[in-house]
Amino acid sequence: MLDVDPVALVRGRHGQRDAGTLEQYVNDRPYVLTSFLSVAMREAFGTAMSGRSKSRQELAGQAIPLIAKLAVVSCRPGERLIRELFEPLGYRVTCVRHPLDENFPEWGEGPYYSVELEGTVRLRDLLNHIYVLVPVLDAEKHYWVGKEEVEKLLRKGEGWLAAHPNKEAIVKRYLPRQRQLAREALARLAEEDNPDPDAAAEQNSEQEVKMEEPIRLWQQRMGSVTAVLRSVEAKRVLDLGCGEGKLLRELLAEKGLTEIVGMDVSFRSLEIASQRLKLERMAPAQREKLKLLHGSLMYRDKRLAGYEAATVVEVIEHLDAPRLAVFERVVFEAARPKTVVVTTPNREYNVKFATLPAGQFRHKDHRFEWTREQFQQWSGRVAERFGYTVRFLPVGEEDAQVGPPTQMGVFSL
Ligand code: SAH
(Lines give C-alpha, C1' and ligand atoms only; values in the text may rest on other atoms or scores of the structure.)
Protein backbone atom coordinates (compact mmCIF):
# COMPACT_ATOMS: atom_id res chain seq x y z
CA MET A 1 0.00 0.00 0.00
CA LEU A 2 1.67 3.16 -1.17
CA ASP A 3 0.25 6.39 0.18
CA VAL A 4 1.38 9.53 -1.60
CA ASP A 5 0.70 13.06 -0.39
CA PRO A 6 0.45 15.28 -3.48
CA VAL A 7 0.68 18.50 -1.49
CA ALA A 8 3.90 17.49 0.22
CA LEU A 9 5.31 16.76 -3.21
CA VAL A 10 5.14 20.36 -4.34
CA ARG A 11 5.85 21.98 -0.99
CA GLY A 12 9.15 23.80 -1.01
CA ARG A 13 9.63 23.62 -4.75
CA HIS A 14 10.66 26.92 -6.21
CA GLY A 15 8.43 28.64 -8.66
CA GLN A 16 5.47 26.33 -8.29
CA ARG A 17 3.75 27.86 -5.30
CA ASP A 18 2.50 30.84 -7.19
CA ALA A 19 1.41 28.92 -10.19
CA GLY A 20 -2.10 29.82 -9.11
CA THR A 21 -3.60 26.55 -10.23
CA LEU A 22 -5.37 23.87 -8.32
CA GLU A 23 -3.49 21.22 -10.17
CA GLN A 24 -0.85 20.80 -7.50
CA TYR A 25 -3.56 19.97 -4.98
CA VAL A 26 -5.96 18.04 -7.15
CA ASN A 27 -4.23 15.51 -9.33
CA ASP A 28 -3.99 11.83 -10.00
CA ARG A 29 -0.63 11.24 -8.27
CA PRO A 30 -2.01 9.51 -5.17
CA TYR A 31 -4.18 7.16 -7.24
CA VAL A 32 -1.99 5.81 -10.00
CA LEU A 33 1.24 3.82 -10.14
CA THR A 34 4.16 6.15 -10.66
CA SER A 35 7.89 6.26 -10.12
CA PHE A 36 7.05 6.11 -6.40
CA LEU A 37 6.14 2.50 -6.94
CA SER A 38 9.62 1.88 -8.30
CA VAL A 39 11.21 3.49 -5.26
CA ALA A 40 9.01 1.43 -2.95
CA MET A 41 9.80 -1.76 -4.87
CA ARG A 42 13.49 -1.13 -4.49
CA GLU A 43 13.02 -0.69 -0.75
CA ALA A 44 10.74 -3.66 -0.26
CA PHE A 45 11.97 -6.10 -2.92
CA GLY A 46 15.62 -5.12 -3.34
CA THR A 47 16.93 -8.62 -2.78
CA ALA A 48 14.30 -10.26 -4.98
CA MET A 49 15.08 -7.79 -7.76
CA SER A 50 18.75 -8.67 -7.61
CA GLY A 51 17.84 -12.34 -8.09
CA ARG A 52 19.74 -13.47 -5.03
CA SER A 53 18.45 -15.87 -2.45
CA LYS A 54 20.41 -17.18 0.47
CA SER A 55 18.48 -20.37 0.97
CA ARG A 56 16.78 -21.05 -2.40
CA GLN A 57 19.01 -19.67 -5.12
CA GLU A 58 17.81 -22.33 -7.57
CA LEU A 59 14.22 -21.22 -7.29
CA ALA A 60 15.20 -17.56 -7.67
CA GLY A 61 16.92 -18.46 -10.92
CA GLN A 62 13.93 -20.34 -12.33
CA ALA A 63 11.11 -19.10 -14.56
CA ILE A 64 7.85 -19.70 -12.72
CA PRO A 65 4.21 -18.85 -13.58
CA LEU A 66 3.46 -15.40 -12.19
CA ILE A 67 0.67 -12.86 -12.40
CA ALA A 68 1.08 -9.18 -11.62
CA LYS A 69 -1.90 -6.89 -11.23
CA LEU A 70 -1.24 -3.20 -11.72
CA ALA A 71 -4.31 -1.70 -10.10
CA VAL A 72 -4.29 1.60 -11.96
CA VAL A 73 -1.76 2.93 -14.42
CA SER A 74 -1.92 6.23 -16.23
CA CYS A 75 -1.05 5.85 -19.90
CA ARG A 76 -2.02 8.71 -22.18
CA PRO A 77 -0.90 7.07 -25.44
CA GLY A 78 -3.36 4.25 -24.68
CA GLU A 79 -3.62 0.49 -24.58
CA ARG A 80 -1.39 0.02 -27.61
CA LEU A 81 1.63 1.30 -25.70
CA ILE A 82 0.89 -0.97 -22.74
CA ARG A 83 0.86 -3.96 -25.06
CA GLU A 84 3.93 -2.83 -26.98
CA LEU A 85 5.89 -2.61 -23.76
CA PHE A 86 4.94 -5.88 -22.10
CA GLU A 87 4.03 -8.31 -24.89
CA PRO A 88 7.54 -8.49 -26.38
CA LEU A 89 8.75 -9.56 -22.94
CA GLY A 90 6.51 -12.61 -23.08
CA TYR A 91 3.51 -11.53 -21.02
CA ARG A 92 -0.14 -12.09 -21.76
CA VAL A 93 -1.61 -8.63 -21.19
CA THR A 94 -5.16 -7.80 -20.13
CA CYS A 95 -6.18 -4.13 -20.03
CA VAL A 96 -9.38 -2.64 -18.67
CA ARG A 97 -9.89 1.03 -19.41
CA HIS A 98 -11.71 3.21 -16.91
CA PRO A 99 -14.20 5.96 -17.70
CA LEU A 100 -13.21 9.43 -16.54
CA ASP A 101 -16.18 9.47 -14.19
CA GLU A 102 -18.72 6.68 -13.85
CA ASN A 103 -21.43 9.19 -13.07
CA PHE A 104 -20.86 11.11 -16.28
CA PRO A 105 -20.46 8.58 -19.07
CA GLU A 106 -20.70 11.37 -21.64
CA TRP A 107 -17.25 12.59 -20.49
CA GLY A 108 -15.80 9.52 -22.13
CA GLU A 109 -12.83 7.39 -21.19
CA GLY A 110 -9.85 8.50 -19.15
CA PRO A 111 -6.18 7.64 -19.59
CA TYR A 112 -6.40 5.07 -16.79
CA TYR A 113 -6.14 1.31 -17.06
CA SER A 114 -6.08 -1.72 -14.84
CA VAL A 115 -3.48 -4.08 -16.23
CA GLU A 116 -2.83 -7.72 -15.62
CA LEU A 117 0.40 -9.38 -16.73
CA GLU A 118 0.68 -13.12 -16.90
CA GLY A 119 3.79 -15.02 -17.82
CA THR A 120 6.32 -17.66 -16.92
CA VAL A 121 9.35 -15.67 -15.93
CA ARG A 122 11.91 -15.35 -13.19
CA LEU A 123 10.61 -13.26 -10.33
CA ARG A 124 13.52 -10.84 -10.65
CA ASP A 125 12.65 -10.25 -14.30
CA LEU A 126 9.00 -9.52 -13.55
CA LEU A 127 9.99 -7.06 -10.83
CA ASN A 128 12.60 -5.34 -12.96
CA HIS A 129 10.19 -5.05 -15.89
CA ILE A 130 7.60 -3.39 -13.67
CA TYR A 131 10.23 -1.24 -12.01
CA VAL A 132 11.29 0.24 -15.35
CA LEU A 133 8.03 0.16 -17.29
CA VAL A 134 5.59 1.69 -14.81
CA PRO A 135 7.37 5.06 -14.96
CA VAL A 136 7.53 4.60 -18.75
CA LEU A 137 3.74 4.28 -18.95
CA ASP A 138 3.31 7.30 -16.72
CA ALA A 139 6.15 9.33 -18.28
CA GLU A 140 6.44 11.58 -15.24
CA LYS A 141 9.01 11.38 -12.49
CA HIS A 142 8.56 12.70 -8.99
CA TYR A 143 12.16 13.81 -8.88
CA TRP A 144 14.61 15.60 -11.10
CA VAL A 145 15.88 13.31 -13.82
CA GLY A 146 19.66 13.46 -13.87
CA LYS A 147 22.54 11.48 -15.23
CA GLU A 148 22.17 8.79 -12.58
CA GLU A 149 18.85 7.86 -14.14
CA VAL A 150 20.67 6.60 -17.20
CA GLU A 151 22.76 4.28 -15.05
CA LYS A 152 19.71 3.06 -13.20
CA LEU A 153 17.81 2.38 -16.41
CA LEU A 154 20.68 0.47 -17.97
CA ARG A 155 21.21 -1.58 -14.85
CA LYS A 156 17.59 -2.52 -14.35
CA GLY A 157 17.23 -3.08 -18.07
CA GLU A 158 20.21 -5.37 -18.20
CA GLY A 159 19.57 -8.48 -20.25
CA TRP A 160 16.28 -7.37 -21.82
CA LEU A 161 16.16 -3.69 -22.72
CA ALA A 162 18.84 -3.72 -25.42
CA ALA A 163 16.85 -6.33 -27.34
CA HIS A 164 13.40 -4.79 -26.77
CA PRO A 165 11.78 -3.73 -30.07
CA ASN A 166 10.46 -0.55 -28.44
CA LYS A 167 13.56 0.38 -26.53
CA GLU A 168 13.55 3.82 -28.07
CA ALA A 169 10.12 4.68 -26.73
CA ILE A 170 11.03 3.16 -23.38
CA VAL A 171 14.20 5.20 -23.02
CA LYS A 172 12.56 8.46 -24.11
CA ARG A 173 9.62 8.12 -21.77
CA TYR A 174 11.80 6.90 -18.91
CA LEU A 175 13.91 10.05 -19.22
CA PRO A 176 11.16 12.62 -19.81
CA ARG A 177 12.30 15.96 -21.29
CA GLN A 178 15.94 14.87 -21.29
CA ARG A 179 16.82 14.32 -24.93
CA GLN A 180 20.54 14.35 -24.39
CA LEU A 181 20.34 11.71 -21.66
CA ALA A 182 18.02 9.60 -23.80
CA ARG A 183 20.50 9.76 -26.69
CA GLU A 184 23.27 8.71 -24.35
CA ALA A 185 21.28 5.78 -23.00
CA LEU A 186 20.36 4.58 -26.48
CA ALA A 187 23.96 4.82 -27.62
CA ARG A 188 25.06 2.71 -24.71
CA LEU A 189 22.32 0.16 -25.30
CA ALA A 190 23.52 -0.08 -28.86
CA GLU A 191 26.95 -1.27 -27.78
CA GLU A 192 26.38 -4.96 -28.23
CA ASP A 193 28.14 -6.44 -25.29
CA ASN A 194 27.56 -3.88 -22.66
CA PRO A 195 29.76 -4.92 -19.74
CA ASP A 196 28.49 -4.11 -16.28
CA PRO A 197 30.90 -1.49 -14.90
CA ASP A 198 29.94 -2.31 -11.34
CA ALA A 199 30.65 -6.00 -11.75
CA ALA A 200 34.06 -5.16 -13.18
CA ALA A 201 34.73 -2.75 -10.35
CA GLU A 202 33.79 -5.40 -7.83
CA GLN A 203 36.15 -7.90 -9.34
CA ASN A 204 38.97 -5.38 -9.51
CA SER A 205 38.41 -4.34 -5.91
CA GLU A 206 38.71 -7.95 -4.89
CA GLN A 207 42.09 -8.15 -6.57
CA GLU A 208 43.20 -5.00 -4.83
CA VAL A 209 42.03 -6.28 -1.47
CA LYS A 210 43.81 -9.59 -2.02
CA MET A 211 47.07 -7.90 -2.87
CA GLU A 212 46.92 -5.58 0.11
CA GLU A 213 45.66 -8.32 2.45
CA PRO A 214 49.01 -9.47 3.90
CA ILE A 215 49.50 -6.06 5.46
CA ARG A 216 45.81 -5.75 6.39
CA LEU A 217 45.90 -2.37 4.78
CA TRP A 218 42.23 -1.58 4.67
CA GLN A 219 41.78 -2.20 8.38
CA GLN A 220 44.69 0.16 9.05
CA ARG A 221 43.13 2.73 6.73
CA MET A 222 39.79 2.57 8.55
CA GLY A 223 41.60 2.82 11.89
CA SER A 224 43.58 5.88 10.85
CA VAL A 225 40.54 7.65 9.44
CA THR A 226 38.40 7.02 12.53
CA ALA A 227 41.24 8.21 14.74
CA VAL A 228 41.27 11.54 12.91
CA LEU A 229 37.49 11.91 13.22
CA ARG A 230 37.78 11.22 16.94
CA SER A 231 40.53 13.76 17.36
CA VAL A 232 38.49 16.54 15.76
CA GLU A 233 35.42 15.43 17.74
CA ALA A 234 33.20 15.31 14.69
CA LYS A 235 29.61 14.28 15.30
CA ARG A 236 28.08 14.44 11.86
CA VAL A 237 30.17 12.97 9.07
CA LEU A 238 30.01 12.19 5.38
CA ASP A 239 31.74 9.24 3.78
CA LEU A 240 32.03 10.28 0.14
CA GLY A 241 32.48 7.38 -2.28
CA CYS A 242 31.57 4.99 0.54
CA GLY A 243 31.53 1.99 -1.79
CA GLU A 244 30.34 -1.15 -0.09
CA GLY A 245 30.41 0.48 3.32
CA LYS A 246 33.56 -0.79 5.00
CA LEU A 247 34.18 2.51 6.75
CA LEU A 248 30.49 3.01 7.52
CA ARG A 249 30.57 -0.16 9.57
CA GLU A 250 33.44 1.21 11.66
CA LEU A 251 31.76 4.56 12.02
CA LEU A 252 28.56 3.00 13.29
CA ALA A 253 30.53 1.62 16.20
CA GLU A 254 31.82 5.09 17.11
CA LYS A 255 29.94 6.38 20.13
CA GLY A 256 30.60 10.06 19.43
CA LEU A 257 28.89 10.12 16.03
CA THR A 258 25.27 11.15 15.75
CA GLU A 259 24.86 11.19 11.98
CA ILE A 260 26.68 9.20 9.32
CA VAL A 261 26.00 9.65 5.63
CA GLY A 262 27.44 7.34 2.99
CA MET A 263 27.34 8.57 -0.59
CA ASP A 264 28.33 6.79 -3.77
CA VAL A 265 27.69 7.04 -7.48
CA SER A 266 27.31 3.30 -7.80
CA PHE A 267 23.84 2.21 -6.86
CA ARG A 268 24.96 -1.38 -6.82
CA SER A 269 27.65 -0.63 -4.23
CA LEU A 270 25.04 1.06 -2.07
CA GLU A 271 22.82 -1.99 -2.34
CA ILE A 272 25.69 -4.18 -1.23
CA ALA A 273 26.48 -1.76 1.60
CA SER A 274 22.88 -1.88 2.73
CA GLN A 275 22.93 -5.68 2.72
CA ARG A 276 26.26 -5.99 4.48
CA LEU A 277 25.25 -3.54 7.17
CA LYS A 278 21.90 -5.34 7.47
CA LEU A 279 20.15 -2.02 7.25
CA GLU A 280 16.73 -3.60 7.31
CA ARG A 281 17.33 -5.38 10.57
CA MET A 282 19.25 -2.62 12.29
CA ALA A 283 18.13 -1.37 15.71
CA PRO A 284 16.10 1.84 15.26
CA ALA A 285 18.64 4.04 17.07
CA GLN A 286 21.45 2.85 14.80
CA ARG A 287 19.27 2.98 11.73
CA GLU A 288 18.39 6.61 12.36
CA LYS A 289 22.05 7.54 12.51
CA LEU A 290 22.84 6.22 9.06
CA LYS A 291 21.80 7.48 5.66
CA LEU A 292 22.88 6.17 2.24
CA LEU A 293 22.74 8.64 -0.62
CA HIS A 294 22.98 7.92 -4.30
CA GLY A 295 24.88 10.79 -5.82
CA SER A 296 27.94 11.87 -7.68
CA LEU A 297 30.90 13.93 -6.57
CA MET A 298 30.74 15.54 -10.00
CA TYR A 299 27.74 17.65 -9.02
CA ARG A 300 27.21 20.18 -6.28
CA ASP A 301 24.77 18.60 -3.92
CA LYS A 302 22.85 20.48 -1.24
CA ARG A 303 22.44 17.27 0.74
CA LEU A 304 26.16 17.37 1.49
CA ALA A 305 26.20 20.79 3.13
CA GLY A 306 26.46 21.37 6.86
CA TYR A 307 28.55 18.40 7.98
CA GLU A 308 31.50 18.65 10.33
CA ALA A 309 33.73 16.19 8.56
CA ALA A 310 33.99 14.28 5.32
CA THR A 311 36.08 11.24 4.49
CA VAL A 312 37.13 10.45 0.94
CA VAL A 313 38.82 7.09 1.20
CA GLU A 314 40.54 5.68 -1.88
CA VAL A 315 38.27 7.63 -4.23
CA ILE A 316 40.24 10.43 -5.93
CA GLU A 317 42.41 8.00 -7.89
CA HIS A 318 39.20 6.80 -9.59
CA LEU A 319 38.51 10.25 -11.03
CA ASP A 320 39.84 11.42 -14.40
CA ALA A 321 42.27 14.30 -14.06
CA PRO A 322 39.90 16.92 -15.57
CA ARG A 323 37.18 15.82 -13.16
CA LEU A 324 39.38 16.16 -10.15
CA ALA A 325 38.92 19.93 -10.37
CA VAL A 326 35.14 19.49 -10.26
CA PHE A 327 35.49 17.21 -7.24
CA GLU A 328 37.58 19.84 -5.47
CA ARG A 329 34.87 22.46 -5.80
CA VAL A 330 32.05 20.10 -4.90
CA VAL A 331 33.78 19.06 -1.67
CA PHE A 332 35.89 22.02 -0.56
CA GLU A 333 33.77 24.88 -1.88
CA ALA A 334 30.15 23.68 -1.86
CA ALA A 335 29.89 21.00 0.85
CA ARG A 336 32.70 22.62 2.82
CA PRO A 337 32.98 20.53 5.98
CA LYS A 338 35.40 21.70 8.67
CA THR A 339 37.56 18.62 8.25
CA VAL A 340 38.18 16.60 5.10
CA VAL A 341 40.18 13.38 5.23
CA VAL A 342 41.50 12.17 1.88
CA THR A 343 43.40 8.90 1.40
CA THR A 344 45.00 7.57 -1.77
CA PRO A 345 47.64 4.96 -2.62
CA ASN A 346 51.28 5.92 -2.38
CA ARG A 347 52.64 4.87 -5.73
CA GLU A 348 56.21 4.63 -4.46
CA TYR A 349 55.15 1.74 -2.22
CA ASN A 350 53.96 -0.40 -5.16
CA VAL A 351 57.42 -1.96 -5.57
CA LYS A 352 56.76 -3.77 -2.29
CA PHE A 353 53.76 -5.73 -3.63
CA ALA A 354 55.28 -8.94 -4.94
CA THR A 355 52.28 -9.72 -7.17
CA LEU A 356 52.04 -6.31 -8.81
CA PRO A 357 53.95 -5.99 -12.08
CA ALA A 358 56.22 -2.94 -12.21
CA GLY A 359 54.50 0.23 -13.40
CA GLN A 360 50.97 -1.14 -12.92
CA PHE A 361 48.34 0.38 -10.67
CA ARG A 362 46.75 -1.52 -7.80
CA HIS A 363 43.29 -1.42 -9.35
CA LYS A 364 42.31 -1.45 -13.03
CA ASP A 365 40.00 1.51 -12.58
CA HIS A 366 42.65 3.76 -11.04
CA ARG A 367 43.30 6.74 -13.30
CA PHE A 368 46.48 7.62 -11.47
CA GLU A 369 48.48 6.71 -8.41
CA TRP A 370 50.55 9.47 -6.91
CA THR A 371 53.95 9.62 -5.27
CA ARG A 372 54.08 11.35 -1.91
CA GLU A 373 55.31 14.49 -3.56
CA GLN A 374 52.51 14.55 -6.13
CA PHE A 375 49.83 14.06 -3.49
CA GLN A 376 51.30 16.70 -1.24
CA GLN A 377 51.51 19.18 -4.07
CA TRP A 378 47.93 18.63 -5.10
CA SER A 379 46.73 18.84 -1.50
CA GLY A 380 48.71 22.02 -0.89
CA ARG A 381 47.14 23.67 -3.94
CA VAL A 382 43.63 22.63 -2.93
CA ALA A 383 44.12 23.81 0.64
CA GLU A 384 45.40 27.17 -0.48
CA ARG A 385 42.69 27.70 -3.03
CA PHE A 386 39.83 26.95 -0.67
CA GLY A 387 41.25 28.33 2.55
CA TYR A 388 42.10 25.08 4.34
CA THR A 389 45.30 23.97 6.02
CA VAL A 390 46.52 20.45 5.38
CA ARG A 391 48.72 17.98 7.22
CA PHE A 392 49.84 14.55 6.12
CA LEU A 393 49.77 11.25 7.97
CA PRO A 394 51.05 7.84 6.93
CA VAL A 395 48.68 4.86 6.86
CA GLY A 396 50.15 1.41 7.31
CA GLU A 397 53.72 0.59 8.11
CA GLU A 398 56.11 3.19 6.76
CA ASP A 399 59.08 1.98 4.75
CA ALA A 400 62.27 3.96 5.16
CA GLN A 401 62.71 4.41 1.42
CA VAL A 402 59.31 4.33 -0.23
CA GLY A 403 57.10 5.54 2.62
CA PRO A 404 53.72 4.13 3.75
CA PRO A 405 51.40 2.07 1.52
CA THR A 406 48.59 4.63 1.82
CA GLN A 407 48.89 8.37 2.22
CA MET A 408 46.41 10.54 4.02
CA GLY A 409 45.81 14.28 3.94
CA VAL A 410 43.81 15.93 6.71
CA PHE A 411 42.35 19.27 5.60
CA SER A 412 41.05 21.70 8.21
CA LEU A 413 39.19 24.96 7.84
N1 SAH B 1 35.68 4.33 0.21
C2 SAH B 1 35.44 2.93 -0.13
C3 SAH B 1 35.37 2.68 -1.65
C4 SAH B 1 36.61 3.04 -2.45
S5 SAH B 1 36.45 2.55 -4.15
C6 SAH B 1 36.46 2.04 0.52
O7 SAH B 1 37.48 2.51 0.95
O8 SAH B 1 36.22 0.84 0.56
C9 SAH B 1 36.00 4.08 -4.91
C10 SAH B 1 34.53 4.40 -4.78
O11 SAH B 1 34.32 5.70 -5.31
C12 SAH B 1 33.63 3.46 -5.56
O13 SAH B 1 32.64 2.95 -4.72
C14 SAH B 1 33.04 4.34 -6.64
O15 SAH B 1 31.72 3.97 -7.00
C16 SAH B 1 33.08 5.70 -6.00
N17 SAH B 1 33.08 6.79 -6.96
C18 SAH B 1 33.78 6.89 -8.11
N19 SAH B 1 33.46 8.03 -8.75
C20 SAH B 1 32.54 8.67 -7.97
C21 SAH B 1 31.81 9.89 -8.09
N22 SAH B 1 31.97 10.68 -9.13
N23 SAH B 1 30.95 10.22 -7.11
C24 SAH B 1 30.78 9.41 -6.04
N25 SAH B 1 31.42 8.25 -5.88
C26 SAH B 1 32.30 7.88 -6.84
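The following refers to the structure shown. Every chain begins its residue count from 1, and numbering advances along the sequence as written. For this predicted model, a pLDDT threshold of at least 70 governs which residues receive local features, and a threshold of 80 or more governs which side-chain atom pairs are given and counted, while totals over whole chains, interfaces and linings are taken from all residues. For the side-chain quantities, the full set of heavy atoms in the structure was used; hydrogens and water were omitted.

### Considerations on the overall build of the chain
Item 1. Only runs of H or I of at least four residues qualify as helices and only runs of E of at least two qualify as strands under DSSP, and these elements are numbered from the N terminus. A tally of regular secondary structure across the chain gives 15 helices and 10 strands.
Item 2. Over its C-alpha atoms, taken along the principal directions, the chain stretches across nearly 85 × 50 × 40 Å.
Item 3. Per-residue accessibility, obtained with a 1.4 Å probe over protein chains only, is compared with the maximum for each type, and a residue is labelled buried under 20%, exposed over 50%, and partly exposed between these values. Split into buried and exposed, the 413 residues of the chain put 46% on the buried side.
Item 4. Working rule for contacts: check all heavy atoms of both residues, and any pair within 4.5 Å makes them a contact. Taking as baseline every contact in the chain between residues at least 6 positions apart, the subset at least 24 positions apart corresponds to 72%.
Item 5. Across the chain, the centroid of the 60 positively charged side chains sits 2 Å from that of the 60 negatively charged ones. When charges are counted, neither His nor the chain ends are considered; positive counts come from Lys and Arg and negative counts from Asp and Glu. By convention, the charge on Lys lies at NZ, on Arg at CZ, on Asp at CG and on Glu at CD.

### Let's talk about unusual backbone geometry
Item 1. Positive phi values are uncommon outside glycine, yet alanine 139 reaches one of about 55 degrees.
Item 2. Turning to its location among the elements, alanine 139 is positioned in the loop between helix H5 (123–138) and helix H6 (147–156).
Item 3. What makes alanine 139 buried here is its relative accessible area of 19%.
Item 4. Backbone geometry places arginine 336, a non-glycine residue, at a positive phi of 50 degrees.
Item 5. The exposure class assigned to arginine 336 is partly exposed, which follows from its relative accessible area of 34%.

### Regarding the site of the ligand
Item 1. Whether a residue is near a molecule or strand is decided by its heavy atoms; if any one of them lies within 4 Å of it, the residue is near. Around the ligand, the structure places 16 residues, and the nearest of them are Gly241, Gly243, Asp264, Leu297 and Val313.
Item 2. Taking aspartate 264, its side chain carries an N or O atom lying 2.5 Å from an oxygen atom of the ligand.
Item 3. For the purposes of these results, a polar contact is taken to be a pair of N or O atoms within 3.5 Å, where, inside protein, one atom must be able to donate a hydrogen and its partner to accept one; residues adjacent in sequence count only when each atom of the pair is a side-chain atom. A distance of 2.8 Å is found between a nitrogen atom of the ligand and a backbone nitrogen or oxygen belonging to leucine 297.
Item 4. In isolation the ligand offers 570 Å² of accessible surface; the protein chains occlude 83% of this area.
Item 5. For this classification, the nonpolar set comprises Ala, Val, Leu, Ile, Met, Phe, Trp, Tyr, Cys and Pro, the charged set comprises Asp, Glu, Lys and Arg, and every other residue, Gly included, is treated as polar. In the shell around the ligand, the residues fall into seven nonpolar, six polar and three charged. For the accessible areas, the method is Shrake-Rupley and the probe is 1.4 Å, while residue cover comes only from the protein chains on display.

### With respect to the sheet that holds strand S1 (residues 64–74)
Item 1. An order of S1-S3-S2 is seen for the three strands of this open sheet, with the pairing classed as antiparallel. Each end of this open sheet is capped by a strand with a single partner; those strands are S1 and strand S2 (92–99). Between one strand axis and the next, the sheet turns by 15 degrees as a mean value, whatever way the strands run.
Item 2. Relative to strand S3 (residues 109–121), S2 runs antiparallel, the two sharing seven bridges. Residue pairing across strands places cysteine 95 opposite valine 115, the latter belonging to S3.
Item 3. Fitting a line to C-alpha atoms yields each axis, with helices limited to the stretch in contact; the angle taken between N-to-C directions then spans 0 to 180 degrees. Strands S1, S2 and S3 of the sheet are contacted by helix H4 (residues 79–86), whose axis makes an angle of about 160 degrees with S2. Here, a strand pair is defined by DSSP locating no fewer than two bridges between the strands.

### Side note on the packing of helix H7 (residues 167–174) against helix H8 (residues 179–190)
Item 1. Contact pair H7 / H8: the axes reach a minimum separation of 9 Å and the direction vectors enclose 145 degrees. Once H7 is placed against H8, the crossing between them reads as right-handed. Where H7 abuts H8, its residues Lys167, Glu168, Val171 and Lys172 lie against Ala182, Ala185, Leu186 and Leu189.
Item 2. For the contact of H7 with H8, the class distribution of residues is five nonpolar, no polar and three charged. Crossing handedness: left-handed means the near helix sits turned counterclockwise from the far one by under a right angle, and right-handed means the same turn made clockwise.

### Quick word on helix H2 (residues 35–50)
Item 1. The first and last C-alpha atoms of H2 sit only 19 Å apart over 16 residues, clearly below the 22 Å expected at 1.5 Å per residue.
Item 2. We define the bend at each residue as the angle formed by axes fitted to the 7 residues ending at it and the 7 residues starting at it. Along H2, the largest kink reaches about 75 degrees and is centred on alanine 44.
Item 3. Residues Ser35, Phe36, Leu37, Ser38, Met41, Gly46, Met49 and Ser50 constitute the buried set of H2. An expected span of 1.5 Å times one less than the residue number is assigned to each helix.

### Quick word on the packing of aromatic side chains
Item 1. For Phe, Tyr and Trp, rings pair up if their centres lie within 6.5 Å, where Trp contributes its six-membered ring, and each pair is then called stacked (planes under 30 degrees apart), edge-to-face (over 60) or tilted (otherwise). Taken as a whole and assessed by the stated rule, the structure comprises 12 aromatic pairs.
Item 2. Measuring from centroid to centroid gives 4.3 Å for phenylalanine 368 and tryptophan 370, while their planes differ by 20 degrees, and the two rings are stacked. Each member of the pair, phenylalanine 368 together with tryptophan 370, is buried.
Item 3. Counting every residue linked through ring pairs, the aromatic cluster contains Phe332, Phe368, Trp370, Phe375, Trp378, Phe386, Tyr388, Phe392 and Phe411.

### A short note on a nonpolar patch on the surface
Item 1. A cluster of nonpolar side chains, Leu22, Tyr25 and Val26, forms an exposed patch at the surface whose accessible area comes to about 350 Å².
Item 2. Locating leucine 22 in the fold gives a position in the loop between helix H1 (6–10) and H2. Here, patches come from residues exposed beyond 30% relative accessible area and free of salt bridges, joined within 9 Å for like charges and within 5 Å for nonpolar side chains (Val, Leu, Ile, Met, Phe, Trp, Tyr). Salt bridges are identified by distance alone: a Lys or Arg side-chain nitrogen within 4 Å of an Asp or Glu carboxyl oxygen.

### A few points about the nonpolar core
Item 1. What makes a nonpolar core is a set of buried Ala, Val, Leu, Ile, Met, Phe, Trp, Tyr and Cys residues whose side-chain atoms join them at distances within 4.5 Å. In this structure, Ile82 and Leu175 are the most contacted members of the largest nonpolar core, which totals 45 residues.
Item 2. Per element, the largest residue contribution to this core is nine residues, and it comes from H5.
Item 3. Within the second largest apolar cluster, 30 residues are counted, among which are Met263, Leu297, Phe327 and Phe386.

### A short note on the pattern of salt bridges
Item 1. Summed over the entire model, instances satisfying the criterion amount to 25 salt bridges.
Item 2. Residues glutamate 184 and lysine 147 are paired through a salt bridge, measuring 3.0 Å at the closest nitrogen-oxygen approach. Pair noted here: glutamate 184 is in helix H8 and lysine 147 is in helix H6, with a separation of 37 residues, a long-range link.
Item 3. Of the residues examined, lysine 147 reaches a relative accessible area of 37% and is grouped as partly exposed.
Item 4. Taking the shortest distance from any N to any O, the salt bridge between arginine 276 and glutamate 244 comes out at 3.0 Å.

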